[in-house]
Amino acid sequence: MEDYAEELRTPPVTLIYLVGCPDLHPTISSYLHSEQPPINTLALPDFSKISILGRTQKETVDSGQHGGILKRDWLLKHRTKVPAVVAALFSSDQVSGDPAQWLQVCTDLENLKIVVRGRNIKLVVVLVQSTDKDEVSEDRMIALRKRAEIDSKYLIFFIHNDASELTESLNRLGGALAELANLYYRDEGRRIKTRIEKKNFNHIELNIRYCFKVAVYAEFRRDWVEALRFYEDAYRALREMVGTSTRLPPIQRLVEIKIVAEILHFKMSTLLLHGGKVVEAVVWFQQHIVSYKTLVGAPEVVFLHWDWMSRQFLVFAELLETSAAAIPNTSSLILGSSERLLSEWEFHPAYYYELAAHYMREKRYCLEVALSPSETLKRIESSSESVIQYVFVGQFARLLEQGEAFVMQTLTDAEYVHYALAEGKRFQDSYEIIALLKKSFESYGNLKARRMASYCGSQMAREYFTLGEFSNAKSLFDGVASLYRKEGWITLLWEVLGYLRECSRRLGSVKDFIEYSLEMAALPISSVAESSSCKGEYGPAGSPALPQREMIHKEVFGLVKGEPILTSDEGNCNLAITDDQPLHLEIDLVSPLRVVLLASVAFHDQVVKPGVPISLTLSLLSQLPHPVEIDQLEIQFNQSECNFIITSAPKETVGASSVGETDTRLDSVPNLNLVTNKWLRLTFDIISEQSGKLECLSVIAKLGPYLTICCRAESPASMDDLPLWKYEDLVQTFPTRDPALAFSGQKVVQVEEPDPQVDLVLDATGPAFVGERFLVPVTVTSKGHAIYSGELKINLVDARGGGLVSPREAEPFSMDSHHVELLGISEPDGESEFQAGMDNIKKIQQSFGLLPIPFIKLGDSWCCKLEIKWNRPKPIMLYVSLGYLPNSEAGAQTVNVHKSLQIEGKTAVAMGHRLMLPYRRHPLLLSKIQVASESDHSPSLALNETNILIVSAKNCSEVPLRLMSMSIEMNDDEIGHSCTVQQGGDSPLDNARLVPGEEFKQVFSIIPQLSFPKLAMGTVSLRWSREFGFEEQSCSSLTATKVLTCYKLPDVNVEMVPLIVSLECPPHAVLGSPFTFYVKIQNETVLLQEFKHSLGDSQSFVLSGIHNDTIFVLPKSQHILGYKLVPLVSGLLQLPRVTVTSLRYSAELQPSLSASTIFVFPCKPQFMVDDMGSKLPEPIAT
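Every value quoted in this text rests on a predicted model; they were computed, and no experiment measured them.

Here is what the cut-offs are and how they apply
- Residues numbered from 1 in each chain as written.
- Predicted model: local features only at pLDDT ≥ 70, side-chain atom pairs only at ≥ 80, totals over all residues.
- Heavy atoms only, no water.
- Helix = DSSP H or I, 4+ residues; strand = E, 2+ residues; numbered from the N terminus.
- Buried < 20%, exposed > 50% of the residue type's maximum accessible area, 1.4 Å probe, protein only.
- Contact = heavy atoms within 4.5 Å.
- Areas by Shrake-Rupley, 256 points an atom, 1.4 Å probe, with all protein chains shown as cover.
- Core = buried A, V, L, I, M, F, W, Y, C linked by side-chain atoms within 4.5 Å.
- Expected span 1.5 Å × (residues − 1).
- Pairing = 2+ DSSP bridges.
- Axes fitted to C-alpha atoms, helices over the stretch in contact; angles between N-to-C directions.
- Phe/Tyr/Trp six-rings, centres within 6.5 Å; stacked < 30°, edge-to-face > 60°.
- Lys NZ or Arg CZ within 6 Å of the ring centre and 35° of its normal.
- Salt bridge = Lys/Arg side-chain N within 4 Å of Asp/Glu carboxyl O.
- Left-handed = near helix turned anticlockwise from the far one by under 90°.
- Nonpolar A, V, L, I, M, F, W, Y, C, P; charged D, E, K, R; others polar.
- Patch = residues over 30% accessible without salt bridge, like charges linked within 9 Å, V, L, I, M, F, W, Y side chains within 5 Å.
- Lys, Arg positive; Asp, Glu negative; His and termini not counted.
- Charge placed at Lys NZ, Arg CZ, Asp CG, Glu CD.
- Disulfide = S-S within 2.5 Å.

Student: Would you mind going over the overall build of the protein chain with me for this structure?
Tutor: Tallying secondary structure elements over the protein chain gives 28 helices and 57 strands in all. Residues classed as buried in the protein chain amount to 48% of the 1182 residues present. Pairs at least 24 apart in sequence give 74% of the contacts found in the protein chain among residues at least 6 apart. Accessible area of the protein chain: about 58,700 Å², with a carbon and sulfur share of 52%.

Student: Sorry, what's going on with the nonpolar core here?
Tutor: The tendency in soluble globular proteins is for nonpolar side chains to be buried side by side. If you look at the biggest cluster of nonpolar residues, it comprises 235 residues, and the most contacted ones within it are Leu 238, Ile 514, Leu 618, Leu 620, Leu 633, Phe 637 and Ile 646. With 13 residues, helix H11 (residues 250–274) is the single largest residue contributor to this core. Counting 31 residues, the second largest nonpolar core, distinct from the first, contains Val 758, Ala 768, Val 778 and Leu 882.

Student: Looking at this structure, I do not really get helix H21 (residues 510–521). What am I missing?
Tutor: Since there are 3.6 residues in each turn of an α-helix, residues three or four apart along the chain are aligned in direction. Taking 1.5 Å of rise per residue, 12 residues should cover 16 Å, and H21 covers 16 Å from first to last C-alpha, within 8% of that figure. Most of H21 sits inside the fold, with 11 of its 12 residues counted as buried. Of all the positions in H21, only Val 510, Asp 512, Phe 513, Ile 514, Glu 515, Tyr 516, Ser 517, Leu 518, Glu 519, Met 520 and Ala 521 are classed as buried.

Student: What am I meant to see in the sheet that holds strand E45 (residues 1042–1048) here?
Tutor: Hydrogen bonds between backbone groups are what pair the strands of a sheet, and the pairing can be parallel or antiparallel. Read from one edge of the open sheet, four strands run E41-E39-E44-E45, paired in antiparallel fashion. What marks the edges here is a single partner per strand, and that holds for strand E41 (992–994) and E45. Averaged over all adjacent pairs, the angle separating strand axes in this sheet is 35°, with direction ignored. Across eight bridges, strand E39 (residues 961–969) lies against strand E44 (residues 1019–1026) in antiparallel orientation. By the bridge assignment for E44, Leu 963 is matched with Trp 1024.

Student: Would you mind showing me how to read the packing of aromatic side chains here?
Tutor: The description of an aromatic ring pair uses the distance of the two centres, along with the angle that the planes make with each other. This model, assessed by the stated rule, comprises 37 aromatic pairs. On the numbers, 5.3 Å between centres and 85° between planes, the contact of Phe 285 with Tyr 352 is edge-to-face. Of this pair, Phe 285 sits in helix H12 (residues 278–292) while Tyr 352 sits in helix H14 (residues 349–371); the two residues are 67 residues apart in sequence, bridging distant segments of the chain. Phe 285 sits in the buried class, given a relative accessible area of 0%. Here the aromatic rings of Phe 313 and Tyr 359 are separated by 5.3 Å at their centres, their planes lie at 25°, and the arrangement is stacked. Taken together, the residues span a long stretch of sequence, with Phe 313 in helix H13 (residues 302–322) and Tyr 359 in helix H14 at a distance of 46 residues. Of the two residues, Phe 313 and Tyr 359, neither departs from the other in class, the shared state being buried. Geometry around Phe 427 places Arg 426 over its ring, the cationic atom sitting 5.2 Å from the centre.

Student: Looking at this model, I keep getting lost on unusual backbone geometry. Mind explaining?
Tutor: Among all residues except glycine, the phi angle is most often negative; among peptide bonds, the trans geometry is most common. Geometrically, the link from Gln 36 to Pro 37 is a cis peptide bond, its omega value of -5° lying close to zero. Here Pro 37 shows up in the loop between helix H2 (25–33) and strand E2 (39–44). Although it is not a glycine, Glu 149 adopts a positive phi angle of roughly 55°. Looking at where Glu 149 falls in the secondary structure, it is placed in the loop between helix H7 (138–148) and strand E5 (155–159). For Glu 149, a relative accessible area of 57% corresponds to the exposed category.

Student: It is not clear to me how the side chain of Ser 454 should be interpreted in this structure. Could you clarify?
Tutor: The residue Ser 454 is located in helix H18 (residues 450–467) in this model. Filtering out sequence-adjacent residues up to four positions away, Ser 454 remains in contact with Val 480, Leu 483 and Tyr 484.

Student: Quick question: what am I supposed to make of H12 here?
Tutor: Helix length check: H12 (15 residues) gives 21 Å between terminal C-alpha atoms against 21 Å at 1.5 Å per residue, within 8%. For H12, a buried count of 11 out of 15 residues is recorded, marking the element as mostly surrounded by other parts of the structure. Those residues of H12 that fall on the buried side of the exposure criterion are Val 278, Val 279, Ala 281, Val 282, Val 283, Trp 284, Phe 285, Gln 286, His 288, Ile 289 and Tyr 292. Looking at the buried positions of H12, the neighbouring elements they touch are helix H10 (224–241), H11, H13 and H14.

Student: Just to check I follow, could you spell out the pattern of salt bridges for this structure?
Tutor: Note on pairing: side chains with opposite charge can pair once their charged atoms come close. If you walk through the whole model with that rule in mind, you get 43 salt bridges. Across the pair Arg 236 and Glu 232 runs a salt bridge whose closest N-O atoms are separated by 3.8 Å. Here Arg 236 pairs with Glu 232, and both are found in helix H10, just four residues apart, close to one helical turn. Overlapping salt bridges bring together Glu 110, Lys 113, Arg 117, Arg 147 and Glu 149 as one network.

Student: Please clarify how the packing of H21 against helix H23 (residues 546–560) should be interpreted in this entry.
Tutor: A pair of packed helices can be characterised by two numbers: the angle between their axes and the separation between those axes. Where H21 contacts H23, the two axes come as close as 9 Å, and the packing angle between them is 145°. Considering only the axes of H21 and H23, their crossing is left-handed. For the pair H21 and H23, the contacting residues are Val 510, Phe 513, Ile 514, Ser 517, Leu 518, Met 520 and Ala 521 in the first and Arg 549, Ile 552, His 553, Glu 555, Val 556, Phe 557, Leu 559 and Val 560 in the second. Grouping the constituent residues of the contact of H21 with H23 by class yields 11 nonpolar, two polar and two charged.

Student: Looking at this structure, I do not really get the sheet that holds strand E28 (residues 820–826). What am I missing?
Tutor: Sheet architecture is open: four strands sit in the order E24-E26-E31-E28, paired in antiparallel fashion. Both edges of this open sheet fall to strand E24 (758–762) and E28, since each of them pairs with a single strand only. The mean inter-strand angle of the sheet, taken between neighbouring strand axes irrespective of direction, is 20°. Examined bridge by bridge, strand E26 (residues 773–782) and strand E31 (residues 861–870) share nine bridges and lie antiparallel to one another. Directly across from Val 776, in E31, lies its bridge partner Leu 866.

Student: Help me understand a negative patch on the surface in this model?
Tutor: A cluster of acidic residues, Asp 132, Glu 135, Asp 162 and Glu 168, forms a negative patch on the protein surface. Inspection of the secondary structure assignment puts Glu 135 in the loop between strand E4 (122–129) and H7. Classification of Glu 135 as exposed rests on a relative accessible area of 70%.

Student: Could you clarify how one ought to interpret the packing of H2 against helix H8 (residues 163–198) in this entry?
Tutor: Relative orientation of the contacting elements H2 and H8 amounts to 65°, with a least axis distance of 10 Å. Considering only the axes of H2 and H8, their crossing is right-handed. Where H2 approaches H8, its residues Thr 27, Ile 28, Tyr 31 and Leu 32 are matched on the opposing element by Leu 166, Leu 170, Asn 171, Leu 173, Gly 174 and Leu 177. Grouping the amino acids of the contact of H2 with H8 by side-chain chemistry returns seven nonpolar, three polar and no charged.

Student: Sorry if this is basic, but what is going on with the state of the cysteines here?
Tutor: Working definition of a disulfide: a covalent bond connecting the sulfur atoms of two cysteines. One pass over the structure, following the stated rule, counts zero disulfides. For the unlinked cysteine Cys 864, the closest cysteine sulfur is that of Cys 863, found at 7.1 Å. Looking at Cys 864, the relative accessible area reads 2%, which means it is buried.

Student: Teacher, can you tell me more about the environment of Pro 1151 here?
Tutor: Locating Pro 1151 in the fold gives a position in the loop between strand E56 (1147–1149) and strand E57 (1157–1161). Spatially, the C-alpha atom of Pro 1151 lies 9.3 Å from that of Val 1140, the residues being 11 residues apart in sequence. Ignoring any residue separated from it by four or fewer positions in sequence, one finds Pro 1151 in contact with His 922, Leu 1063, Arg 1137, Val 1138 and Ser 1156.

So, in structure tokens, the structure goes:
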């Protein structure tokens, strides 16, 4: 499509001329180019240049010529030379100036009208003003319009010095130009349509030309429907010319018709695809091909027809590829013609690229045939000199020089044939074919159509092969062969492998040549294929048949034995295998050479003891047409000491001398010949002294002195069939004589470890506790083996399957990132020397440890202790593995002993705390009566008041614990000198015993001395240890380890209290005996405080005193209220309720129920004395 002129490939664009006022031309042109649709402009600086718009004498003479169908430069002329509108620009000074200037304006208009009238070009007059104040008289305006003979709306005022006015002026001018251009192209189209309707022409060429012009004028107006209709009319009229026109010689006449048909069809296809009518475009293309495919022409120029056909498919493929129209749903196939339906591929460019390459090959073949006659090359090349394209599309002429002028002379058919042959010889069609096939290959690849892509790749590779570019051909053929192997296309694969074999020969690649040759020789092609073979080209390898396979087999093994092969037909280079460059082939599980040599290995058992023989069956299979003699087989295992070599009986002596140097086992068998499709079965005994997995890795076959084939060993139970042979009519045989072994045999056997003669014991007493250094004794006892060297591997694993590490951000209170960690390993006493030597070997990590152990005599034992610490309650599995050598010999096998133990990690002590006020003393805390923020839940303490802290520790385990101490650790940056902490009671814990489920409580008093919004009370440190029973201590020799459990106390608020209410009364009373009950109100502020107090009635007491009153308490002073109470009943009684209300703070204080409780005896008990002490001071107010 790039060969087409731009005026054909792109839609027509309106052309206008600008005359006068050249300084405004760039502004106007830029604006018109940015419009949609755009408008092209040609600018004339003054009116003296307008003569180029007029018709030339040649155009007038050629207007009715019918020497051809379409003029070559007509479309270009209307896009670049003939305008639709001329815009004449005059300044306001010229129009409204002196009479001389006005006369010049009139003269220019008259000259312009004469020129444009001959072509029916439309005229616009533009009056240029600097500002809107430049007025022109109405008389001059009317005179100007009459002079130009234009309508008033085509007289445009253009103001250019004001930005807003300039935009409006450009819009007005652009609208007028577009309207007039559309009017011009419509009038021109109507004028020519009138000729068509009246049929006032004598030649059918003019009918086609007129239809083409009307269609082009319609395209100028963006009337795609009318353009398509007249292109179709021109196309049909052109088809009628075939066989009727005698204007040109026959060959040139057909060439011209095809070229014009190509242009018309290109235009129609472009319009259809532009409108989204993909199906209609495809149908038109099929009709176009059907109409002209049979118009081959004269035999000597048949190549021109195939070149034209190839170009049709190429152009349509490019149109489809660049079209934005969506491909229709291929599930509903559209009717293409009365004969057939459209296929799915006809909507994709790949299909057309492929056919373009096909017809280009036809063209190349016909051109080679046409160039073969006896005409000399020189004559053909000289015939193309001075031949150029003629005035009409599709015509050629010879340019002759006559004096100082040049004239064009028409060609005869013979001259044109020679010109066409010379032009055809200039191009390298093979590279064009490759380019087309590459596009089709890529397009099919994008569509996931692997078979079609492979076909195109194969055709492309053949072209490279023909050109002698064997590397490119081989690369493409390899990709094609991969698909044919996978899908089982035997005949196609034979052909491709033949090309690959020949490419390898030409490139001198011995290895590739042998691999492709062996694969071809092993293909499932029998003699039946020869008798029923289809006619066709099979490439360098010839037709697929058994004799061809046998010939290739003999050729390859002749090369292996040292017979050279020519790499080219000239015979200047040979393929050969020498001592210096032996050949080694690899056959893996997916290699196509599995058909050449297939190795199956099966152990007769799945498990074997070390040192015990186990039978192994080696089976070999080949599909080569002739028997293959193997000189030597080497069987390789993952344990190299098990490798062995097999030779045939006559060659035993030779093989033994060469193999004995490497200490490799040598076996011999009577026969190592492989027969086609017959298993060669060999059974041997293998002895492995090393525990673990014993696997047969590969079988290396030596064929001749220079070739070795390494075949990957396969298990019969999991061995895949040969893909290309599994559907052949062959007798199915098993790789082993035992069918059960064929279905279950494996190439891997497990060699068990030697039975350990060492006892490994793990001991643990009860569960482990969080924070405790838990000791696990590990004892190694030698019973049947002495331990010369060994090591212990310790591994801690979460018993629940999770990890032993937790992120710190998930648990901010944790100082340890590991839930459980291995702290160390302690050896027994008396081994300090051993310990000193092993410190640099022992490796300890958080969950893994590695420890070497010393020499242990037979019957002795050795022990160590594992120190494990739990930072979180979590069950773990402790895995301990002992690997040791039972003797000191070199290469001795390690014996392993494995033991595991599950240990539960639990929390032994659960701690809590409680803050309390002093008994019957109640300070007023203002924070409790204010609305606190939701995020602040800290308790509040009264400044300089004694507060009671009770810390509890509960035994949550199943074993008794010994409590050693409980204290509150104070940091200077926390509570240092801000408060006083005292422990309640004088007696220490003294190793208090805490049984399971029991709770211990310790009382502390806290006196805040400074007012802090956030006061840290410190951390409670509890030191305790596990209590072992007598039997546990005697059996395991374990000693209790001290454990420190820390409990962080929460932060508290410290605030000054304005009011303290305290109650005083005897600890108990006697029924009927009066006692005094005091309420003390203390004002801690520097202000006079007003209080209300009230005392509730009680049925259990007779009381005296003021029930309700309002009092004033002086700053920093105390007021005491006294009441006499007589109990009326005995038992635990509630004192009358006392309520004190501070009016300043609107706060109410009521003692708690526990503080208002007293016990009343029914009679005086014996422990009471008559003298109860000195009397209390009398109250200030009663």
